[in-house]
Amino acid sequence: MQANELKIARVSTVPFFVVTQLRAQIEALSASGMAVTVIASRDEMSDELTESKSFTYIPVNIEREINPIKDFLSLITLISTFRKNKFDIVHSTTPKAGLLCAIAGVFSGTKIRLHTFTGQPWATMSGVKRTILKTCDKIIGLLNTHCYADSESQKKFLVSCGIIKAEKISVIGAGSLAGIDLNRFDPSRYSSEKLSVLRADLGIPESAKVLLFVGRITPDKGIKELVSAFGEIVSKDNNIFLVLVGPFESVGEDIVRQVKDVNIRKNIKKVGYSDEPEKYMALADLLCLPSYREGFGTVVIEAAAMGTPTIGTDIYGLTDAIVDGETGVLVPVRDAVALEKAILSTLSNAPLMSAMGAAARDRARNDFGANNCSDLLINEYKGFSN
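About the criteria used
- Residues numbered from 1 in each chain as written.
- Predicted model: local features only at pLDDT ≥ 70, side-chain atom pairs only at ≥ 80, totals over all residues.
- Heavy atoms only, no water.
- Pairing = 2+ DSSP bridges.
- Helix = DSSP H or I, 4+ residues; strand = E, 2+ residues; numbered from the N terminus.
- Axes fitted to C-alpha atoms, helices over the stretch in contact; angles between N-to-C directions.
- Contact = heavy atoms within 4.5 Å.
- Buried < 20%, exposed > 50% of the residue type's maximum accessible area, 1.4 Å probe, protein only.
- Right-handed = clockwise from strand over helix to strand, strands pointing away.
- Polar contact = N/O pair within 3.5 Å; in protein donor to acceptor, adjacent residues only side chain to side chain.
- Arc of directions from axis to C-beta.
- Phe/Tyr/Trp six-rings, centres within 6.5 Å; stacked < 30°, edge-to-face > 60°.
- Lys NZ or Arg CZ within 6 Å of the ring centre and 35° of its normal.

Chemist: Honestly, the sheet that holds strand β10 (residues 268-272) in this entry has me stumped. Any pointers?
Modeler: What links the strands of a sheet is backbone hydrogen bonding, and the strands pair in either a parallel or an antiparallel sense. Reading across from one edge, β10-β9-β8-β11-β12-β13 is the order of the 6 strands in this open sheet, with parallel pairing throughout. Single-partner strands in this sheet number two, and they are β10 and β13 (328-331). Taken pair by pair, the neighbouring strands of this sheet meet at an average axis angle of 20 degrees, ignoring direction.

See below:
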């Protein structure tokens, strides 16, 4: 079968993941001649999928949390959808979609069943919930034809934990889920005048240094350690500001709200979700991602493309996104003191900041462009069709 005759289903739990992470890749698949269908739950972002002329959107409700009745109904719907459309390849991302698609793919007789792992929620859990979620990932590894990890370190972690056999999982190119749009993440889009206006809007003085966090405001992203470290940083240098960009989850919001010191509070700028995080990356001196777990850390590469280095934790995933001492700095996980020291020492070393920013941008452009990553995936699909 020729590649331009392939019928592809890309399945994610929610449209948000498709819109923010996979859209460019899916459009590239369509441009190559493949017939692409996107399957995801229906929510407030579904209209963006419905309006696309590059692919067909089929809404199927997939709950993020465990719900036996709704999960069973979703499974039946997926089996019916797969049988009706006779997809050549079903490729899932996100944990729940991955589990249901693996089972539905087998029952529907779909020949090629693929899944991309993007981080393991169970890695930071214990007890029964860890066992259940770990078992779900094992089922994904067992029932799919092949799986991908978005970083080499995540691949090694999955194999070492007995989730999947080494011969059934690989990394496409240098890693990442789908690469990044280098035209979008380009610092030349933002003039010094634009950045000055953004500073003024945020209430940050021109002379101040900007520390940036982009992602879900939640404990798993290391928000507790970041806020703790930042409190110490401000006590030593009150001309450093922390900008938080991303949706607040309740526990994460509580952590930020519990900051009582007025001097620290005024130096924390809460933006919330933004569909243009790159403008904050252009403004920032340093990105900080003190996560407990990451499959890769796409935001690190996005910031890198903007010439912004990252302080991150020494965990699987981020060890691939950050070259320690070259494109950023790695610190121990859950260590607010080490985080504080790394941030202060890096921000106070202008030559190092400049060198790391340049190295980060070169690496992002050379290894993680979306076009290159999409071409590699298209070749993977062609290989399965031969």
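Back to the text.
Chemist: Before we go on, may I ask you to explain the sheet that holds strand β4 (residues 89-93) in this structure?
Modeler: Here we have 7 strands laid out as an open sheet, ordered β3-β2-β1-β4-β5-β6-β7, and parallel in their pairing. In this open sheet, the two strands that pair with only one neighbour each are β3 (56-59) and β7 (169-170). Direction of pairing for strand β1 (residues 7-11) relative to strand β2 (residues 35-40): parallel, over a ladder of 5 bridges. Its bridge partner lying in β2, Ile-8 is registered against Val-36. Against the sheet, helix α3 (residues 68-85) contacts β1, β2, β3 and β4, and its axis sits at roughly 170 degrees relative to β2. The sheet strands contacting helix α4 (residues 95-108) are β1, β4 and β5 (112-117), and the helix crosses β4 at an angle near 155 degrees.

Chemist: Hey, could you run me through the pairing of strand β8 (residues 209-214) in this one?
Modeler: Regular strands show a simple pattern: their side chains alternate between the two faces of the sheet. Most of β8 sits inside the fold, with 5 of its 6 residues counted as buried. The pairing of β8 with strand β9 (residues 240-245) spans 6 bridges and is parallel. Bridged to Lys-209 within β9 is Ile-240. Handedness of the crossover is the feature at issue here: the chain leaves β8, passes through helix α8 (residues 223-236), returns alongside β9, and the resulting connection is right-handed. In this sheet, strand β11 (residues 286-289) lies alongside β8 in parallel orientation, the contact comprising 2 bridges. Paired with Leu-211 across the bridge in β11 is Leu-286.

Chemist: How should I be thinking about helix α12 (residues 298-305) in this particular structure?
Modeler: An α-helical segment advances 3.6 residues per turn. Residues three or four places apart therefore align on the same side. Burial analysis of α12 places 8 of its 8 residues in the buried class, which makes it a mostly covered element. Among the residues making up α12, those that are buried are Thr-298, Val-299, Val-300, Ile-301, Glu-302, Ala-303, Ala-304 and Ala-305.

Chemist: How do you make sense of the side chain of Thr-110 when you look at a structure like this?
Modeler: Tracing the backbone through its elements, the reader meets Thr-110 in the loop between α4 and β5. A relative accessible area of 4% means that Thr-110 is categorised as buried. A distance of 2.9 Å separates the side chain of Thr-110 from the side chain of Ser-108, its partner in a polar contact. Excluding its chain neighbours within four sequence positions, the residues that come into contact with Thr-110 are Phe-82, Phe-87, Asp-88, Val-90 and Gly-105.

Chemist: What should I look at first to understand helix α6 (residues 152-160) in this one?
Modeler: Burial in α6 covers these residues: Ser-153, Gln-154, Phe-157 and Leu-158. For α6, the angular spread of the buried residues around the axis is 135 degrees, confining them to a single face. Turned more than 90 degrees from where α6 packs its buried face, Lys-156 and Ser-160 sit exposed. Looking at the buried positions of α6, the neighbouring elements they touch are β5, β6 (146-149), β7 and α13 (318-321).

Chemist: Help me understand the packing of aromatic side chains, please; the structure alone is not making it clear to me.
Modeler: Aromatic ring pairs are reported here in terms of the distance separating the ring centres and the angle at which the planes meet. Across all of its chains, the model carries 5 aromatic pairs by this definition. Ring plane angle 20 degrees and centroid distance 5.5 Å describe the contact between Trp-122 and Phe-157, whose orientation is recorded as stacked. With a gap of 35 residues between them, Trp-122 in the loop between β5 and α5 (127-143) and Phe-157 in helix α6 connect regions that are remote in the sequence. With respect to class, Trp-122 is no different from Phe-157; both count as buried. Seen in terms of ring centroids, Phe-296 and Phe-368 are 5.6 Å apart; in terms of plane orientation they differ by 45 degrees. Their pairing is tilted. You can see Phe-296 sitting in the loop between β11 and α12 and its partner Phe-368 sitting in the loop between α15 (350-367) and α16 (370-385), a full 72 residues away along the chain. The same class applies to Phe-296 as to Phe-368, namely buried. Grouping aromatic residues by their ring pairs yields a cluster made of Trp-122, Phe-157 and Tyr-316. Geometry around Tyr-292 places Arg-334 over its ring, the cationic atom sitting 3.8 Å from the centre.

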